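Survey of secondary and tertiary structure
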Amino acid sequence: MALQFGISLPQGWTMDLAHIKDPVEAYETMTRVAQTADEAGFNSAWLVDHFHTIPQPSQEVTFECWTTTAALARDTRRIRIGQMVSCNGYRNPALLAKMASTVDVLSHGRLNFGIGAGWYEHEYRAYGYDYPDAPERLRYLREAVQVILAMWTQEEAVFEGKYYHVNGAINQPKGVQKPHIPLLIGGGGEKVTLKLVAQYGDACNVSGDLETLKHKFEVIRQHCEAIGRDYNSIHRTSMSVCIIGETDEEALAKVPPMMKARFGNAINNTLVGSIDTIRQRLQAYEEAGVQELLIAFPDATQLTSIKRFASEFIV
């Protein structure tokens, strides 16, 4: 199977570390998941950029994304480390580009850089950030990706926009990867976000059922054709959840109540089922155009499912 696999790491934001009260133990548990995925052959490991738990904020541990990215760059050896995705509104893009360049060196060239417009209003308000409406957040994002690419490619970056201004910013080292760190833009908005992917992105991440994925990828193709870009130069990713059972019924019975409420009947389109069912669904993802599937394992901290998935599906 040509499909690549990434893993969504337990970071606390979804309450997946809630049973661990010692924050040091919680971090080491998360690290063991990343290291197990590294050893098992997963292509990538991904961190979310949230300060609070979702869907409701709580006092449970939630590790900050970029400091954790830097730590995992040193705690792993082979696997790529990325963000799904950095919230543009939380950090100045020139500074973020500098941070990413440093982490790319720390990881010896294993960084994936993910960014999006942001959406979790509660976090914005709680941390004192302005929360513009969605169209303006996207306008911020459009300028931010240009700033970031300038920081990665120009000796003295210059950008003059409505929201961001960079005048002769030096970013050394720029990272290890050439021509620059891969830039993933997350989101499925067809008129703005997917157009940004075609204009500036090296990768995309879109969500939905198979027909939705096919449609979103076709929209990206059309945007690429409009500007004369090779559609196949964009790495296409999506996300799913995985629970393995000896039968489909056994797997469905393992679905946590919170996840049942979130997915509803859509859980039947995920990687919840027997080995044969999961194999069929992986084939369907690949046929829909997905090149890398990022997988959340609800029981990731136990490591068993990660190892079993790898033994069954990763060559």
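The residue numbering used here restarts from 1 in each chain and proceeds along that chain's sequence as written. Owing to the predicted nature of the model, reporting of local features is limited to residues with pLDDT of at least 70; listing and counting of side-chain atom pairs is limited to 80 or more, with chain, interface and lining totals taken over all residues. With hydrogens and water excluded, all non-hydrogen atoms of the structure serve as input to the side-chain values.

Looking at an unreviewed UniProt entry, the chain carries the name LLM class F420-dependent oxidoreductase, with the source organism given as Dictyobacter halimunensis.

Turning our attention to the pattern of salt bridges. Salt bridges are counted wherever a side-chain nitrogen of Lys or Arg sits within 4 Å of a carboxyl oxygen of Asp or Glu. Tallied over the full model, the rule gives eleven salt bridges. For the salt bridge of Asp38 with Arg78, the shortest nitrogen-to-oxygen distance reads 3.4 Å. Of this pair, Asp38 sits in helix α1 (residues 23–40) while Arg78 sits in the loop between α2 (65–75) and β3 (80–83), and the two are 40 residues apart along the sequence. When salt bridges with common partners are traced through the structure, they connect Asp49, Glu64 and Arg91 into a single cluster. Runs of H or I in DSSP of at least four residues are treated as helices and runs of E of at least two as strands, each being numbered from the N terminus.

Here we take up the UniProt feature "domain: Luciferase-like" (unreviewed entry) in the chain. UniProt positions are given in the numbering used here, feature names are shortened, and annotations may be inferred rather than shown by experiment. Per the UniProt record, the feature "domain: Luciferase-like" (unreviewed entry) sits at residues 18–259. With 43% helix and 17% strand, the stretch residues 18–259 has end C-alpha atoms that lie 15 Å from each other.

The next thing to look at is the packing of helix α6 (residues 193–200) against helix α7 (residues 210–227). Any two packed helices are characterised by the angle at which their axes cross and by the distance between the axes. All axes here are fitted lines through C-alpha atoms, helices being fitted over the stretch that makes contact, and every angle between N-to-C directions spans 0 to 180 degrees. Running from N to C, α6 and α7 cross one another at 50 degrees; their axes reach a closest spacing of 9 Å. Regarding the angle of α6 to α7, the classification is oblique. Both α6 and α7 take part in a crossing whose hand is right-handed. From α6, Leu194, Lys195, Val197, Ala198 and Gln199 reach across to α7, where they touch Lys216, Val219, Ile220, His223, Cys224 and Ile227. Classifying every residue of the contact of α6 with α7 by side-chain character gives seven nonpolar, two polar and two charged. For classification, angles of less than 35 degrees are called roughly parallel, those exceeding 145 degrees roughly antiparallel, those between 65 and 115 degrees roughly perpendicular, and all remaining angles oblique. Here is the rule for handedness: rotate from the far helix to the near one, and if that takes an anticlockwise turn smaller than a right angle the crossing is left-handed, while a clockwise turn gives right-handed. Here, two residues are considered to be in contact whenever any of their heavy atoms come within 4.5 Å of each other. For this scheme, ten residues count as nonpolar: Ala, Val, Leu, Ile, Met, Phe, Trp, Tyr, Cys and Pro. Four count as charged, namely Asp, Glu, Lys and Arg, and the remainder, Gly too, count as polar.

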